[in-house]
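Single-letter residue listing:
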Amino acid sequence: MLYIHRRVEFFPQNLSLILKNVQLSDTGVYTAVFTGGEEDITHKYDVTVEAPVSAVSVSVSSVSSSSQSCNFTVICQTEELYNISSSFTCDRNTCEELRPQHSGHAPSGASSLNVSLSDRSIICNHSNHVSWKNDTENIPQVCFNRDTAPEQQGAVLSVCMLKTVLYTVGLLLMLSAVITVHVLDHIKQD
């Protein structure tokens, strides 16, 4: 047998309760009393209503890197401006958290926020019992391209600088040749 009272459905067979059109203000303790026959059945329900979590973003606040390692700090922030930060260090093969950061809880206490490290990504996760959202940042983009050894990065930079210098010198020579021809034509006309 089913008992319905406005937004509540109560099933005495298994003492279950369905609350319809739930709102955040519906959080609280509900007491169901079923009177039938010789005994009264009373059951309390502690109901917590949670809204889906807001979007979250991960950003890198500072980076210091060398050819062998990279240190950076990550800030994980929700739309409500609640944030946590964590610092990491990476070498060419591995990354680790410098000071392990436990997940934080939003001021309401209903959701949690944490930063974690995956193979090649930093993951910022915002979650509660009903939803979760995350954002990731690629570690090689933060630090250095792991597919290119630091020595090769220097070689690529040197080739680029050499090309730039050669193009600049070539342009200057062409410009001076044009000016020289123009001056010589002007002298011949006089």
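Whatever comes next refers back to the structure up there.
Computed from a predicted structure; not experimentally measured.

## Structural notes on the nonpolar core
Ranked by internal contacts, the top residues of the largest apolar core, which has 18 residues, are Phe72, Val74, Cys76, Leu113, Val115 and Ile122. Looking at this core, the elements with two or more residues in it are strand 6 (56–65), strand 7 (69–78), strand 8 (83–91), strand 11 (112–117), strand 12 (121–127) and helix 1 (139–142). Here the element with the most residues in this core is strand 7; it accounts for four residues.

## Quick word on the state of the cysteines
Under the definition given, this model contains two disulfides. One disulfide bridge connects Cys76 with Cys124, the sulfur atoms lying 1.4 Å from each other. Its S-S torsion of approximately 60° makes the covalent link between Cys76 and Cys124 right-handed. Of the two residues, Cys76 is situated in strand 7 and Cys124 in strand 12; the sequence distance between them amounts to 48 residues. Under the relative-accessibility criterion, Cys76 is labelled buried at 0%.

## Overview of the sheet that holds strand 8
Through backbone hydrogen bonds, the strands of a sheet pair up, either in parallel or in antiparallel fashion. The strand order across the open sheet formed by four strands is 6-7-8-9, and the pairing between neighbours is antiparallel. The open sheet has two edge strands, strand 6 and strand 9 (95–97), and neither has a second partner. Neighbour-to-neighbour, the strand axes of the sheet open up by a mean angle of 25°, direction not taken into account. Two elements, strand 8 and strand 9, share three bridges in a ladder whose sense is antiparallel. Bridging from a neighbouring strand, Thr89 pairs with Glu96 of strand 9.

So, how was this worked out
Residues numbered from 1 in each chain as written. Predicted model: local features only at pLDDT ≥ 70, side-chain atom pairs only at ≥ 80, totals over all residues. Heavy atoms only, no water. Core = buried A, V, L, I, M, F, W, Y, C linked by side-chain atoms within 4.5 Å. Buried < 20%, exposed > 50% of the residue type's maximum accessible area, 1.4 Å probe, protein only. Helix = DSSP H or I, 4+ residues; strand = E, 2+ residues; numbered from the N terminus. Disulfide = S-S within 2.5 Å. Pairing = 2+ DSSP bridges. Axes fitted to C-alpha atoms, helices over the stretch in contact; angles between N-to-C directions.

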